[in-house]
Amino acid sequence: MSVGGVSLVNESPILLPLNKDKTMYDGFVTVQERDFRLRIVLPSDRQLKRAKLHCCWQLKHLLRGYQHIVKQVRFYFTLTFCVILQEVALRGHPESLSIPPPQYYSQLITEMEMLGWDKLLFIDSEFRTLRLKAGDSSEREHILTVKLKAKHPEESPECSADVPVPLDMAWTPQSTLEKLHSQFMLVLESLAEFWEVLDEIDRRTWVLEPERPSRADTMRRIAIGSNVSIRVDVNPRHPKMLPESCLLGAEHVVTPLRNKLNANMHMWNPGSSVLHNLQDVLEIEFPSPATHEKSSFSAECGICYAYRLETAIPDQVCNDPRCGQPFHQACLYEWLRALPSSRQSFSVVFGECPYCSKPITVKMAAPLS
């Protein structure tokens, strides 16, 4: 393993436990092309604050001047020790100018002390990328990924998270990870109502898409009946308002539902739940896991005989009431395009249903991701 010019023996961690209680660690490091053995001993209570480092006098000589950093070790002593070795290695390899100065690591340790080590889920081998955990008021778990710049804290870090809105975090040279985490918590609370809306939909209906929704997903395709569904896209900023909706299925089934949606739209009550409102305006009851099996809404494609094709599910349905066979858009498009009797106008292909030979159309399929 090589970290910033420091070559560590083997591909394993810098230290290996010597006892069952994991209070004693032993290992080798290579600094300036020289091997040194070291041992770290933890007290019985495993308080890293009082950990002791044992090494030969030559390594002690190299570490002279870095005792103030060693004393800051609390939780992640590997980080601190690698930091010191990186700096020592720089003396023999001055061309390695991309490694941050020791102050970067001291600052990082200080900021983690302020934030709390319990919030750190991950830190990479270069000590640049951190994943911090955060829980909202409804006990949902979230992760904030922070990528620090070499001139931290003068340069603002890159932040990302599984949220449906842009993550614009304010940063100044005086900012810290603790303040960044606090800003993230405010973002989570601002989205609490949005997630409550989607959690209710996920809990009380059969969601066909996405198969495994993330916290950033705003869309849900909800089963209404066999080969009939509605796709709703909830606005994260106004989650209780009427969402953008699209009914999917055979035209003879979808048309009455679309008419009800248009006629009853004025009945939408922002004070009520989105799910309750949808049922009122469509004049239906959504099938739920308590009343129906999901297999009732998972009809296979009539061409490939599979339900899922990559991430797509059968969403093209023959409009003939006596047929109603579902197909994947990509399967139907390729099938019709191969038939001599089919014709194409712009992005729409006109042909015959592979099952009943009644007229059927399909738009050009988007490439599968």
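Summarised in this report is the structure supplied together with it. Values in this document were obtained by computation on a predicted structure and should not be read as measured data.

## Digging into the nonpolar core
Then, number 1: Membership of the largest hydrophobic core comes to 51 residues, with the highest contact counts inside it found for M112, L130, L177 and F286.
Then, number 2: Within the second largest apolar cluster, eleven residues are counted, among which are C301, L332, C353 and V362.

## Looking at the pattern of salt bridges
Then, number 1: Under the criterion given, the structure shown has twelve salt bridges.
Then, number 2: Of the charged contacts, one joins E209 and R221 as a salt bridge, the two residues approaching to 3.2 Å between their closest N and O atoms. You can see E209 sitting in strand β11 (residues 207–209) and its partner R221 sitting in strand β12 (residues 219–225), a full twelve residues away along the chain. The same class applies to E209 as to R221, namely buried.

## A short note on the sheet that holds strand β7 (residues 120–123)
Then, number 1: One open sheet holds the four strands; their spatial order is β7-β8-β9-β10, and the pairing between them is antiparallel. The sheet is open, and its two borders are formed by β7 and β10 (158–161), each paired with just one other strand. Adjacent strand axes in the sheet meet at a mean angle of 20°, parallel and antiparallel pairs treated alike.
Then, number 2: In this structure, strand β8 (residues 129–135) lies alongside strand β9 (residues 141–147), joined through seven bridges in antiparallel fashion. Across the sheet, residue T129 finds its bridge partner in β9, namely K147.

## Re the packing of aromatic side chains
Then, number 1: Inspection of every chain in the model, using the stated rule, returns two aromatic pairs.
Then, number 2: For the pair F194 and W195, a centre-to-centre distance of 6.3 Å together with 55° between the ring planes defines the contact as tilted.
Then, number 3: Judged by relative accessible area, which is 0%, F194 ranks as buried.
Then, number 4: In this structure, R128 packs its charged tip against the face of Y104, placed 5.9 Å from the ring centre.
Then, number 5: Directly above the aromatic system of F122 lies the positively charged group of R131, at a separation of 4.4 Å from the ring centroid.

## A look at a nonpolar patch on the surface
Then, number 1: Taken together, the side chains of L121, F122 and I143 present a nonpolar region at the surface, about 250 Å² in accessible area.
Then, number 2: Inspection of the secondary structure assignment puts F122 in strand β7.
Then, number 3: Overall, F122 belongs to the partly exposed group, its relative accessible area being 31%.

Criteria and cut-off values
Residues numbered from 1 in each chain as written. Predicted model: local features only at pLDDT ≥ 70, side-chain atom pairs only at ≥ 80, totals over all residues. Heavy atoms only, no water. Core = buried A, V, L, I, M, F, W, Y, C linked by side-chain atoms within 4.5 Å. Buried < 20%, exposed > 50% of the residue type's maximum accessible area, 1.4 Å probe, protein only. Salt bridge = Lys/Arg side-chain N within 4 Å of Asp/Glu carboxyl O. Helix = DSSP H or I, 4+ residues; strand = E, 2+ residues; numbered from the N terminus. Pairing = 2+ DSSP bridges. Axes fitted to C-alpha atoms, helices over the stretch in contact; angles between N-to-C directions. Phe/Tyr/Trp six-rings, centres within 6.5 Å; stacked < 30°, edge-to-face > 60°. Lys NZ or Arg CZ within 6 Å of the ring centre and 35° of its normal. Patch = residues over 30% accessible without salt bridge, like charges linked within 9 Å, V, L, I, M, F, W, Y side chains within 5 Å. Areas by Shrake-Rupley, 256 points an atom, 1.4 Å probe, with all protein chains shown as cover.

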